[in-house]
Amino acid sequence: MALLSFDAYGALSDAECESRIRAARRRLGREVVLLCHHYQRAEVYQYADLTGDSLKLSRLAAETDSPNIVFCGVHFMAEVADIMSRPEQTAILPDLAAGCSMADMANLAKVERCWRELGESLDVEASFTPVTYINSAADLKAFCGEHGGIVCTSSNAGLIARRAFAQRPRILFFPDQHLGRWTGHNMGIALDEMQIWDPDLPLGGLTPEAIARAKILLWKGHCSVHQMFNKRQIDAFRARHPEGIVIAHPECNFEVCAAADYVGSTELIVKTIKEAPTGTRWLVGTELNLVERLAREVAPQNKTVHFMSDIICMCSTMQRIDPQHLAWTLENLAAGNTVNPIVVPPHEAELAKLALTRMLSCP
Ligand code: 13P
Ligand code: SF4
């Protein structure tokens with residue numbers, strides 16, 4: 001059947017989308033699997049077959065048998081699904097505008113320039129293991145694959161950093177300075193042994209001496225959602241609720257992580273609060289959709305969940321995946337058309353897979 005244009009979907013209500021999404025899913029049966037990140041909005045999350053944080057979703061993408069993987073997340077996650085799935089499977093992102101602003105803070109040209117500049121003052125291949133957070137484009141994962149590097153996620157960064165240090169004495173960590181700093185701190189690395197690499201300054205804004213002294217170079221990148229949380233919000237919560245417990249995602253800044261009782265990935269946040277004793281009260285520093293869903297789910301056990309910030313902060317790019325785009329994607333699939341396939345070029349995919357497989361095979 002001819003390609004169905006999105007024009008006819010934009011004006012549909014969520015309720016109209018619901019019946020069409022359910023009908024398309026019935027027609028497609030096992031031909032499609034829907035993977036959903038924890039930050040996905042409720043109107044989309046309800047259709048998920050499988051949910052998780054980025055580590056869990058990358059494993060699920062490698063394990064599923066379905067020929068079509070519709071990824072309700074952001075672009076780098078759909079790329080990982082394409083890289084880790086079999087060649088005959090297709091990863092689909094319902095809206096190509098669903099990117100990750102943090103991932104966009106590093107690109108291949110800038111990372112290659114950094115690598116070149118580091119090479120001017122030391123033997124870079126022997127001195128640095130490049131470690132990329134999974135929140136990065138496929139070509140940066142390929143860069144890591146090619147240069148003995150590795151991918152990490154927010155749930156395994158410590159494990160991956162230990163593996164990286166076993167190989168070479170220093171780490172170049174991109175693109176999230178906060179995850180890198182928190183990971184290094186937990187390994188006992190002093191803050192002044194972790195230097196920020198500013199990709200827009202010559203030699204990252206550092207001297208050759210500072211680079212030689214550093215154990216970790218932290219790319220100057222961050223998440224625009226998690227930068228909304230601060231220690232003042234934690235102090236105010238503790239003053240009002242001295243019995244309250246604070247949990248934060250490691251993309252939050254160092255002060256927030258240091259002041260929290262627990263720091264961990266979205267999966268860890270969900271698990272910790274679901275398994276907590278009844279009657280507990282939580283302050284959560286991560287994206288609002290996750291926090292609101294969790295608050296609803298644990299309310300029957302008399303647990304109270306507060307959002308850390310007093311202003312709304314959502315992952316606006318993840319919000320691009322809405323019922324309208326999902327209906328359009330699934331009805332096209334049912335009609336035999338694949339819209340928005342995510343296809344990583346084969347050479348890049350092979351090298352990126354190397355860096356991802358190094359991560360997934362870490363014990
Ligand atoms: P998780 O690995 O915890 O799912 O985090 C991914 C992410 O993008 C958080 O902002
Ligand atoms: Fe990227 Fe931040 Fe959104 Fe996570 S919350 S996907 S890091 S922009």
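Each remark here, short or long, concerns the structure printed above.
Q: Can you help me understand the sheet that holds strand S11 (residues 262-263) in this one?
A: Adjacent strands of a sheet form backbone hydrogen bonds with each other and so pair up, either parallel or antiparallel. Here four strands make up an open sheet; going across it, the order is S11-S10-S12-S13 and the pairing parallel. Edge positions in the sheet fall to S11 and strand S13 (304-307), since each of these pairs with one other strand and no more. Relative to S13, strand S12 (residues 281-285) runs parallel, the two sharing four bridges. Across the sheet, Val284 pairs through a bridge with Phe307, a residue of S13.

Q: Can you help me understand the site of ligand 1 in this one?
A: Taken together, His37, Tyr39, Asp53, Ser54, Tyr133, Asn135, Ser154, His226, His249, Glu251, Ser265 and Thr266 are the residues near ligand 1. At 2.5 Å, a side-chain N or O of Ser54 approaches an oxygen atom of ligand 1. His249 is positioned with one of its side-chain polar atoms (N or O) 2.8 Å from an oxygen atom of ligand 1. Taking 300 Å² as the accessible area of ligand 1 by itself, protein coverage stands at 96%. Across the shell around ligand 1, the residue classes break down as two nonpolar, eight polar and two charged.

Q: I keep staring at the packing of aromatic side chains and nothing clicks. Help me out?
A: Pairs of aromatic rings are described using the distance from one ring centre to the other and the angle between the two planes. By the definition in use, this model includes seven aromatic pairs. Both rings, one in Trp115 and one in Phe143, keep their centres 5.4 Å apart while their planes meet at 85°; by these two values the pair is edge-to-face. Here Trp115, found in helix H5 (residues 108-121), pairs with Phe143, found in helix H7 (residues 138-146); they are 28 residues apart in sequence, far enough to count as distant. A relative accessible area of 7% places Trp115 in the buried class. The class for Phe143 is buried, based on a relative accessible area of 4%. Ring geometry for Phe174 and Trp219: centres 6.1 Å apart, planes at 65°, overall edge-to-face. Of the two residues, Phe174 is situated in strand S7 (residues 170-174) and Trp219 in strand S9 (residues 216-219); the sequence distance between them amounts to 45 residues. Trp219 sits in the buried class, given a relative accessible area of 0%.

Each value, and the rule that gives it
- Residues numbered from 1 in each chain as written.
- Chains lettered and ligands numbered in written order.
- Predicted model: local features only at pLDDT ≥ 70, side-chain atom pairs only at ≥ 80, totals over all residues.
- Heavy atoms only, no water.
- Pairing = 2+ DSSP bridges.
- Helix = DSSP H or I, 4+ residues; strand = E, 2+ residues; numbered from the N terminus.
- Near = heavy atom within 4 Å.
- Polar contact = N/O pair within 3.5 Å; in protein donor to acceptor, adjacent residues only side chain to side chain.
- Areas by Shrake-Rupley, 256 points an atom, 1.4 Å probe, with all protein chains shown as cover.
- Nonpolar A, V, L, I, M, F, W, Y, C, P; charged D, E, K, R; others polar.
- Phe/Tyr/Trp six-rings, centres within 6.5 Å; stacked < 30°, edge-to-face > 60°.
- Buried < 20%, exposed > 50% of the residue type's maximum accessible area, 1.4 Å probe, protein only.

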